[in-house]
Amino acid sequence: QVQLAESGGGLVRPGGSLRLSCAASGRISRFNAMGWFRRVPGKQRELVASFSRTDDTMYADSVKGRFTISRDNAKNMVYLQMNSLKPEDSAVYYCAARQYAIGGYDYWGQGTPVTVSS
């Protein structure tokens, strides 16, 4: 059973930074893709950033140039560096992993809340 555990969320002022971490229970290199999603109450879950096994990365337009996804295969960790945070970035952020090249994400963490407010 794969377990993903996020950490690093919290309260930050607009313009500030946070780094989210995702600890996986096994080798992250076995996944076809991993990503960070976010959800705001009343809205659809949004894919914020992801990377594939071939190191292709993608970012939502709303976070391009401000967020960076990275990984440490040796530690089985995935990170999301978030800079220049805006109030609209406030959400619960989830780490997820996809086993195969097609289909949806198969494994999810419990989420970590991020609040951007002055």
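Residues numbered from 1 in each chain as written. Predicted model: local features only at pLDDT ≥ 70, side-chain atom pairs only at ≥ 80, totals over all residues. Heavy atoms only, no water.

A. Inspection of the layout of surface pockets at higher detail. Empty space within the largest pocket amounts to approximately 180 Å³. Lining the largest pocket are R38, R39, V40, K43, Q44, E46, S62, R66, K86, E88 and D89. (1 Å grid on protein atoms, 1.4 Å probe; cavity = no way out; pocket = protein on both sides within 12 Å on 5 of 7 lines; lining within 4 Å. Points joined across faces, edges and corners; volume = space filled by probe spheres on them.)

B. Geometry of the sheet that holds strand β1 (residues 4-7). Pairing is antiparallel across the open sheet formed by four strands, whose spatial order is β1-β3-β8-β7. Two strands lie at the open edges of the sheet, namely β1 and β7 (67-72), each paired on one side alone. Ignoring which end each strand starts from, the neighbouring axes of this sheet average 15 degrees apart. (Pairing = 2+ DSSP bridges. Helix = DSSP H or I, 4+ residues; strand = E, 2+ residues; numbered from the N terminus. Axes fitted to C-alpha atoms, helices over the stretch in contact; angles between N-to-C directions.)

C. Just the side chain of S52, in detail. Among the structural elements, S52 can be located in strand β5 (residues 46-52). Residues within four places of S52 in sequence aside, it is in contact with N32, A33 and R71. (Contact = heavy atoms within 4.5 Å.)

D. Quick peek at the environment of S21. Its place among the elements puts S21 in strand β3 (residues 18-24). For S21, a relative accessible area of 12% translates into the label buried. Here the alpha-carbon distance between S21 and T112, two residues 91 residues apart in the chain, equals 9.5 Å. (Buried < 20%, exposed > 50% of the residue type's maximum accessible area, 1.4 Å probe, protein only.)

Worth remembering: the numbers are spatial, not functional.
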